[in-house]
Amino acid sequence: VVLTRSYYLGIEEVTNGDFARFNPNHDSGAIGRSLLNHIERPVVNVAWDEAVRFCNWLSLTDKLEPAYEKKEGEWVLTQPVNTGYRLPTEAEWAWAARYADTPLQRFPWGETMPPPEGSANYADELAAGMVPYHIIGYKDGFRGPAPTRSFQPNPFGIYDLAGNVAEW
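Predicted, not measured: the structure shown is a model, and the values here were computed from it.

Trainee: Would you take a moment to explain unusual backbone geometry for this structure?
Mentor: Residues other than glycine predominantly adopt negative phi, and peptide bonds predominantly adopt the trans conformation. For the bond running from Gln79 to Pro80, omega is -5 degrees, close enough to zero to count as cis. With respect to the helices and strands, the residue Pro80 is situated in the loop between strand S4 (74-77) and helix H3 (90-98). Following Met113, the chain continues into Pro114 via a peptide bond in cis, with omega recorded as -10 degrees. Take Pro114: it is sitting in the segment after H3.

Here it is in structure tokens:
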């Protein structure tokens, strides 16, 4: 894949507090007995079309053209692509997560497992029993999702591109 156009990424995950401005009734739910709705935690349990509608809402809030439009009942990027908020492509996300003035790395932290201690919030030994898989020999201090910016940013200054919660 060749990236041919510049793009921007938010420097942190969208929090429950951020998302509540768009949808005050959203419920991020719980994992085990831990509630996931704290305002500083990343929003979860968001469907793709809801993420797209959030991007359009954010674009309009910032006086930008919405990046998505509905065609034949499906959300699609406007053509030509504009500067409204949109979800990154997989290639854009992977490049931002794994490239930092060095050749592309296998993992965001380097080439080998387990990750260096304290590098991000992954399914560590504390998550055993809560998730189907966890990383043996790794501890990050969080049983579930961590508040955004709990770990150091990557070399581009972006937080939590690896670990914590799944991104769209």
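Trainee: Is there a simple way to think about the side chain of Glu50 in this case?
Mentor: Structurally, the position occupied by Glu50 is in helix H2 (residues 48-61). As a buried residue without a salt bridge, Glu50 has its nearest oppositely charged side chain in Arg53, at a separation of 4.7 Å. Setting aside anything within four residues of it in sequence, one finds Glu50 in contact with Phe19, Phe22, Asn23, His26 and Asn45.

Trainee: Help me understand the pattern of salt bridges in this model?
Mentor: Side chains carrying opposite charge are able to pair once their charged atoms draw close together. Across all of its chains, the model carries three salt bridges by this definition. Glu12 serves as the salt-bridge partner of Arg149, at 2.5 Å between the closest nitrogen and oxygen. Separated by 137 residues along the polypeptide, Arg149 in the segment after H3 and Glu12 in the segment before helix H1 (16-22) bring together distant segments of the chain. Arg149 gets classed as partly exposed once you look at its relative accessible area, which sits at 41%.

Trainee: I tried to follow the nonpolar core on my own but got confused; where do I start?
Mentor: Among soluble globular proteins, nonpolar side chains are generally buried collectively. In this structure, Phe19, Phe22, Val43, Val46, Ala51, Val52, Phe54, Cys55, Leu58, Ala67, Tyr68 and Leu87 together form the largest nonpolar core, which totals 12 residues. Mapped by element, the contributors of at least two residues to this core are H1 and H2. Top element by residues in this core is H2. It accounts for five residues. With residues up to four places along the chain from it excluded, the contact list for Phe22 reads Glu50, Arg53, Phe54 and Trp57. Residues Tyr122, Ile135, Tyr138 and Ala162 belong to the second largest nonpolar core, which totals five residues.

Conventions and cut-offs
Residues numbered from 1 in each chain as written. Predicted model: local features only at pLDDT ≥ 70, side-chain atom pairs only at ≥ 80, totals over all residues. Heavy atoms only, no water. Helix = DSSP H or I, 4+ residues; strand = E, 2+ residues; numbered from the N terminus. Buried < 20%, exposed > 50% of the residue type's maximum accessible area, 1.4 Å probe, protein only. Lys, Arg positive; Asp, Glu negative; His and termini not counted. Salt bridge = Lys/Arg side-chain N within 4 Å of Asp/Glu carboxyl O. Contact = heavy atoms within 4.5 Å. Core = buried A, V, L, I, M, F, W, Y, C linked by side-chain atoms within 4.5 Å.

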